[in-house]
Amino acid sequence: MSGNHDGHDHDGDGHAPHPGMHAGGQGSPYALRLRAVAALLIEKGILTQADIDQQLAREEQRTPADGARVVARAWVDPAFKARLLRDPKAACAELAVDASPIPAFVVLENTDQVQNVVVCTLCSCYPRAILGRPPDWYKSLNYRSRVVVEPRAVLREFGTQVPDDVEVRVYDSTADVRYLVLPQRPAGTEHLSEAELARLVLRDHMVGVSNPTAEPALVQA
Amino acid sequence: LPVEVYERLGYYERWIHGSELILIEKGLLTREEVDRKVAELERQWA
């Protein structure tokens, strides 16, 4: 029920006691319908306000930093990487990253021969448990329709030149399967600590549209 | 959602509309209840 975000975003006040239920959301009549549906579900005892607040808080807590920690660990610890590829949920749990809401979770390893890219052609399926909310472009019709047809051209628009001898594999997410790309560790990072490595890993790298570099990452839009 | 509705709605509007339809299909809510509640909230917030 990601639609619940809508009411929260309007308020822009994380400290409000009932973020899902504020008045004053002018604009789309659907904002009002959402509030009406939520109010009815609470009246009927199907949901509580606490359930809604808790879910909102959970969604807000998740950021790509969790995924970056997983990637950095895989770079420094080959045994962890093997576990991550074999059983991603269990490996994430080792780092206190909770992937349990994802029905089936697959980690795709980039290699010298393969660049993996993730899309949801149908809607916006995304590994939210690991990366938080998807960026707007991930949900755009442009990305969803084009990346499967001309992935190299789309990646170029993200500033990513994939060499001709590297295969591009595009994975289409579904309601049941979510993917996380494990990018390659950039050259020239041998001296960096695990925490420093984690700072090189951005959301887009774990979707597969670009790749980490040895330069510390700038703030991501 | 029917194509013409899907095309017309924004991203989160689709979620809201779709969620409402599912709740109605599952028998948890009725369209009339939702309409009544919408009218009630509109009066409260007018």
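Quantities reported herein were computed from a predicted structural model and do not represent experimental measurements.

Undergrad: Where do I start with the overall build of chain B in this structure?
TA: Within chain B, the secondary structure is distributed over three helices and zero strands. Along chain B, helices (α) and strands (β) appear in the sequence α-α-α when read from the amino end. By principal-axis analysis of the C-alpha atoms, chain B measures approximately 35 × 25 × 15 Å. Relative to its full complement of 46 residues, chain B shows a buried share of 30%. Accessible surface computed for chain B: about 3100 Å², of which carbon and sulfur atoms make up 55%.

Undergrad: Could you clarify how one ought to interpret the pairing of strand S4 (residues 177-182) of chain A in this entry?
TA: If a strand is regular, its side chains alternate between the two faces of the sheet. Residues and elements named next belong to chain A. Burial analysis of S4 places five of its six residues in the buried class, the great majority of the element. Of the strand pairs in this sheet, strand S1 (residues 104-109) and S4 are connected by six bridges, and their pairing is parallel. Bridging across to S4, Ala-104 finds its partner in Val-177.

Undergrad: Mind showing me how you'd approach the interface of chain B and chain A here?
TA: If you look at the interface, chain B gives 22 residues, while chain A gives 29 residues. Taken together, the two surfaces of chain B and chain A that pack against each other cover about 2300 Å², and 68% of this comes from carbon and sulfur. When residues of chain B are sorted by the area they lose upon contact with chain A, Tyr-12, Ile-16 and Trp-45 of chain B head the list and together hold 29% of the total. Where chain B touches chain A, the interface holds four salt bridges. Across the pair Lys-37 of chain B and Glu-43 of chain A runs a salt bridge whose closest N-O atoms are separated by 2.3 Å. Across the contact surface, chain B and chain A share seven residue pairs in polar contact (both at pLDDT 80 or more).

Undergrad: I tried to follow the pattern of salt bridges on my own but got confused; where do I start?
TA: A side chain with one charge may pair with a side chain of the opposite charge, provided their charged atoms come close. Counting across every chain of the model gives 18 salt bridges over all chains. Of the charged contacts, one joins Arg-146 of chain A and Glu-150 of chain A as a salt bridge, the two residues approaching to 2.8 Å between their closest N and O atoms.

Undergrad: Would you take a moment to explain the confidence of the model for chain B for this structure?
TA: Detailed reading of the predicted coordinates is not advisable wherever pLDDT falls low. In this model, chain B carries an average pLDDT of 90, and 100% of its residues clear a pLDDT of 70 or more. What the predictor reports for the complex is a pTM of 0.74 with an ipTM of 0.90.

Each value, and the rule that gives it
Residues numbered from 1 in each chain as written. Chains lettered and ligands numbered in written order. Predicted model: local features only at pLDDT ≥ 70, side-chain atom pairs only at ≥ 80, totals over all residues. Heavy atoms only, no water. Helix = DSSP H or I, 4+ residues; strand = E, 2+ residues; numbered from the N terminus. Buried < 20%, exposed > 50% of the residue type's maximum accessible area, 1.4 Å probe, protein only. Areas by Shrake-Rupley, 256 points an atom, 1.4 Å probe, with all protein chains shown as cover. Pairing = 2+ DSSP bridges. Contact = heavy atoms within 4.5 Å. Buried area = accessible area lost by both parts, 1.4 Å probe. Salt bridge = Lys/Arg side-chain N within 4 Å of Asp/Glu carboxyl O. Polar contact = N/O pair within 3.5 Å; in protein donor to acceptor, adjacent residues only side chain to side chain. pLDDT = per-residue confidence, 0-100.

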